[in-house]
Structure formats: C-alpha cells, structure tokens
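The lines below spell out each chain.
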Amino acid sequence: AIFQWKYTFNPTEQEACRESMLAIGSNVSPRGRGNPVPPPGTPAYNFILSHNKFDMQLYKYAESLFDEQARLVTDIEGGFRFHEASCSKCEVSTLADAGLLE
C-alpha cells in the first residue's frame, strides 16, 4: 500500500496471494506456525531475550517503522490496487512488442 502499485498480472490472483502472505506469511515451519513463543517474563522468555538482545532491539525498531508507515496510508481507500489495474496478458508484454527496441 505504501507505494500504491497497481496489479499488472491477474489482479484477482495477486490479491489472493497478497492476502495469504499477510495472514500466514512465507517463512513458516512445515508444522504450521512454528514453535510457540514463551510468555514475556517467564524464565524461558528471559533466557531467549538475553541471547538475542540486539535482534530484539532491531525487531522493536522495525515494529516502530511499520507503525509509522501504517499512519502514512490511512487515507488510501481499500481496493485501490484494482483501480485502473491491468492484466499483462491483455497488454503488450515486452519492450520489443511495444516497438521500443530495435
């Protein structure tokens, strides 16, 4: 949403893929959602935190960036990717086809 890119190949399929990636992700353990995270404040959580201190600082910073980015797109209407979207199967698919290459 940040760059307001439009779909250019099979818009319906791209939207379904995007929704799946946002809901499930792509780096998921074959067992499903991966290993459960221990609750904050427990000895197991504190042990993991102590061994991943800088990773956690980076993660917290990344979270703050996502929050900031979310505020930038609050005024963009839902489904904007479909407005004036095109299907590359229906349009010129290469620069040569468009006559832009010799």
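The following paragraphs examine the structure supplied in this document.

## What about the overall build of the protein?
1) Next: Within the protein, the secondary structure is distributed over 3 helices and 0 strands.
2) Next: Secondary structure elements in the protein, listed N-terminal to C-terminal, are α-α-α.
3) Next: Every one of the 102 residues in the protein was classed for burial, and the buried ones make up 9%.
4) Next: Put simply, of all contacts in the protein between residues at least 6 apart along the chain, 67% involve residues at least 24 apart.
5) Next: Approximately 8900 Å² of the protein is accessible, and the part contributed by carbon and sulfur atoms is 59%.

## A word on a nonpolar patch on the surface
1) Next: Residues Leu58, Tyr61 and Leu65 make up a contiguous nonpolar surface patch of about 320 Å² in total accessible area.
2) Next: Relative to the helices and strands, tyrosine 61 is located in helix α3 (residues 53-72).

Rules used in this analysis
Residues numbered from 1 in each chain as written. Predicted model: local features only at pLDDT ≥ 70, side-chain atom pairs only at ≥ 80, totals over all residues. Heavy atoms only, no water. Helix = DSSP H or I, 4+ residues; strand = E, 2+ residues; numbered from the N terminus. Buried < 20%, exposed > 50% of the residue type's maximum accessible area, 1.4 Å probe, protein only. Contact = heavy atoms within 4.5 Å. Areas by Shrake-Rupley, 256 points an atom, 1.4 Å probe, with all protein chains shown as cover. Patch = residues over 30% accessible without salt bridge, like charges linked within 9 Å, V, L, I, M, F, W, Y side chains within 5 Å. Salt bridge = Lys/Arg side-chain N within 4 Å of Asp/Glu carboxyl O.

Geometric descriptors of this kind do not, in isolation, establish any biological role.
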